[in-house]
Every structure is written in structure tokens, then in C-alpha cells.
Amino acid sequence: MRRAKRRKPKSNNNMKKIILFFVIFILILLLFLLLKNIPFNNIHKSNLQNDITNNDNLNTSTENIENNVSENIVKESRPKETPITFTMTAIGDSLCHNTQYWDAYNKETGEYDFSYVYEDIRDYTKYTDITIGSLETTFAGEERGYSNYPTFNTPDSLAKALKNIGVDIISLAGNHALDYGYTGLCRTIDVLDDAGISHLGTYKTAKEQEQLLIKNIKGVNIAFINYTYGTNGIPVPSGKEYCVNLIDKDLIKKQIQQAKEQKVDIIVACMHWGTEYRTTANSEQKELADFLFENGVDIILGNHPHVLEPMEKRTITLEDGTEKEVFVVYALGNFTADQRDEITRDSAILNLTITKNIDGKISIDKVDYVPIYMYKNTTVSTHKFKILDIEKTIYEYESGLNTSIGSTTYKNLKTQLEKIKSILGEEIN
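Rules of the game
- Residues numbered from 1 in each chain as written.
- Predicted model: local features only at pLDDT ≥ 70, side-chain atom pairs only at ≥ 80, totals over all residues.
- Heavy atoms only, no water.
- pLDDT = per-residue confidence, 0-100.
- Contact = heavy atoms within 4.5 Å.
- Core = buried A, V, L, I, M, F, W, Y, C linked by side-chain atoms within 4.5 Å.
- Buried < 20%, exposed > 50% of the residue type's maximum accessible area, 1.4 Å probe, protein only.
- Phe/Tyr/Trp six-rings, centres within 6.5 Å; stacked < 30°, edge-to-face > 60°.
- Helix = DSSP H or I, 4+ residues; strand = E, 2+ residues; numbered from the N terminus.
- Lys NZ or Arg CZ within 6 Å of the ring centre and 35° of its normal.
- Expected span 1.5 Å × (residues − 1).

## Comments concerning the confidence of the model for the protein chain
Chain-level statistics for the protein chain give a pLDDT mean of 88 and a share of 82% at 70 or above. Within the model, the stretch residues 1-11 combines pLDDT values under 50 with zero contacts to residues more than four positions away or in other chains. Every residue in residues 36-78 is under pLDDT 50, and counting partners more than four places away or in other chains gives zero contacts.

## Looking at the nonpolar core
Within the largest apolar cluster, 46 residues are counted, with the highest numbers of intra-cluster contacts made by Ile299, Phe327 and Leu350. Excluding anything up to four places from it in sequence, Leu350 contacts Met88, Thr89, Ala90, Met311, Phe327, Val329, Leu332, Val367, Asp368 and Tyr369. Core analysis: the second largest hydrophobic core is formed by 39 residues, Phe114, Ala159, Cys243 and Phe335 among them.

## A short note on the packing of aromatic side chains
Taken as a whole and judged by the stated rule, the model has nine aromatic pairs. Centre to centre, the rings of Tyr112 and Tyr146 are 5.4 Å apart; their planes meet at 85°, and the pair counts as edge-to-face. Of this pair, Tyr112 sits in strand E3 (residues 111-112) while Tyr146 sits in the loop between strand E4 (130-135) and helix H4 (157-164), and the two are 34 residues apart along the sequence. Between Tyr118 and Phe335 the ring centres are 5.9 Å apart and the planes differ by 20°, which places this aromatic pair in the stacked class. Of this pair, Tyr118 sits in the loop between E3 and helix H3 (122-126) while Phe335 is found in strand E13 (residues 334-336), placing the two residues 217 residues apart along the sequence. Pair check on accessibility: Tyr118 and Phe335 agree, each one buried. In this arrangement the basic side chain of Lys240 is found over the ring face of Tyr182, its NZ or CZ atom lying 5.1 Å from the centre.

## Observations concerning helix H5 (residues 181-195)
The terminal C-alpha atoms of H5 lie 21 Å apart, and with 15 residues this matches the ideal 21 Å at 1.5 Å per residue to within 8%. Within the sequence span of H5, burial applies to Gly184, Leu185, Cys186, Thr188, Ile189, Val191, Leu192 and Ala195. On the buried face of H5, the contacting elements are E4, H4, strand E5 (169-171) and strand E6 (198-200). Phi for Gly196, located one or two positions after H5, is positive at around 85°.

Structure (C-alpha cells):
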């Protein structure tokens, strides 16, 4: 019997195949990983660098955007410079004769009330940007006795009445400033302070005289100066020369220079000058006007003659060759008074429309006025005095809306209107 051949076990061969397959797989895997890893690292580094660069660019871009937005916000928040326009209103002298304060006296209350005098025209002075007047009396006090020409002393309530119609500033350097001496001058200042009206031209101390009156109107700084030709022969108290500004060119130049040093935009000179009852400027007024303009004054508001005098707008050339606009009204007449001559009852409420331009230059754009008349109604026993808006009163009479005046007054108002226009001249546009 043949012995069967013995077969070698297949398990060994299989194991070898498995090991060989595993080795090959490992080698292939290592090779793949090796080949894969080199470019991956390079690409990763490149991408990482790009990401960093892109992030930096993004941060920079974001920062720039934020900066631009911030700058735009700042630019938008800054106030844009634009021209500033405002209206300056001026009125004539406030006198108070005895007939006026008698008429204002209320026997029941024992007080003096002047408010009714201004009812027809108060809106013209109350709602303007700034209103300037001139005082031709004193507030020396009741105990010294109220008085008439030639030395005036008026009830304090006149100051309150002027404040209530919008008067912001009153010039006090006038020929009646010392009617009741230095003490009367000082008390007048106190009364105006109590009424809330700014004032200039008279002073209680030398220090006060050195402080210019400067008002800021809508961002425009305006300096006011005030001088008088004299004090009716009443001597200025020795050692108190500061108490009233007399027309003195050295003093004027000093105060104009002071205003310039304070970098004001406009200088207004309130001048108490001229010849009484003359409706044209005299040679001294004209010479002084030239002097004031040449030294830096922009606007001159004249008073004292009790009548109107002409107004004029000029363009002058300064020493540096530049030009500027200036304005003068030589006199605005009596705002309130009880004088006999009809022409002393004529006056005007003057309005100047002024602009401070972007370059800082001042332009006087428009000058207009409201013709007014100090009416005295002799047919009534009280409240006889009233300032009339002439053109309005004429219109209302012709329309049948106003029966408080008769035909005689109506005709007289038409006559006075023509006189006012002929003296002041045409409105300036």
C-alpha cells in the first residue's frame, strides 16, 4: 500500500502574503504621506502667510474706513461758517417835558405811566435784534423834584417804559447829563441798571469809563462809543473828568483802538452833536464823521439837534488799500418831546440790515425807516401824547379805520411825511 504524500500547510503561505501585503501597504502609505506632506506644509505656510496678509489688509482697510467715517463725522459736526445777518434799530432823543410827565401821572395810583405813548410803534423797536436810543434827561429822583427845561429830571418809570418797548442800549453823553450834577448822573445810571438797559457815555468811576460796552448779536461783536459836544455850560466836576465823555479826538482814538484790540466786528459811535433845529449837518459834524470813519468806526448814530438830519452810506478806502462800507445818520430828531415847532415832532425809527460775511467783512445791506410823529391830542384831558406811525395812520384814516384824528391832523401828517423823506432821503437797498 502506497503511503500518501504529506501536504504542506497553506497557513504559512497565507501568512507571508498577508505580511507582504501589509508591508507594501505601509510603504505605499508612507510614500503617499511623504509626497503629500511636503507640498501641504508649503501650501499651508503660504496660505497662512496670505491669511495674515489679508487680515492685516482687512484690519488696515477697516481702520481706514473707521478713520474716514470719524473724519466725516467730525467735519459734519463742525459748524459751517455762513454769513450772519441781523437788524440794528436806532431811535432819536427821549426828552420829557413837564407836560409829558403831568400827562402820564395817574392820580389814583400816584404813579407815572408812559406806556400808552408807545402803543402805536412798540413792535418796531421790541422785536428787532438790537435797539439803541438816546436820553435827554436825568433820573435824579423824586425828592429833588421833577423838572422841565433847562434842567431835566424825569420820573424813573420812563426807563421802565423804554425797556418795555425793547430799548437795549441808551447813550447818556449829552448836554443834559449833568443837569443835576454828578449825583444826578450817578443815579441816572443806577435807574437804567435797575431797568435792565445797557448804557454808555457817562460813568461813576474811572474804571467804568475804561470798560467799553460790547454786545454780541448772533455771534457778531459790536462795540459802542458815545461822546457829547458839551454839558450846557455846567462844568464837569474837578477830579471826575471821567464821568462824561466829551468830544475829544485823543479819547476817541484811544477807545477805538481799545475796541480793535478786543477784536470786535463793528464799532458804532453815538454822537451828541450838531446845531439845534438845523436839518443839515454842519461842517464840524462832517469833519468828525470823516475822522471817525478813518479811524475805524463803521456806523455813526447822531442826535441832539431836535430835528432830523440826512443819512448817508459810503464806501471808504482804508490805509491798507481795502474798502469797507460805512453809514452815518447825522440826527434822528426827537423820539419823544413836547416842543412847539412841528418839525421837532418829526422823527424816524431807523433800521439797518447788516451782514458779517464769511471773510469777516461787514456789509450794510439795507437801510429803511418808519416815519413817526409825536402827536398831541388837545381835545382830551389825559393821555394826550402818542407816537404815531405816520404812514399807517394816513392809510387807516383814508380807509375809514381810524376816526381818532381829524382832517386837520391827517393833512398835517401828510405834510410831515414829505418833510421826513426829503430830509432823510431815500431808503438804501
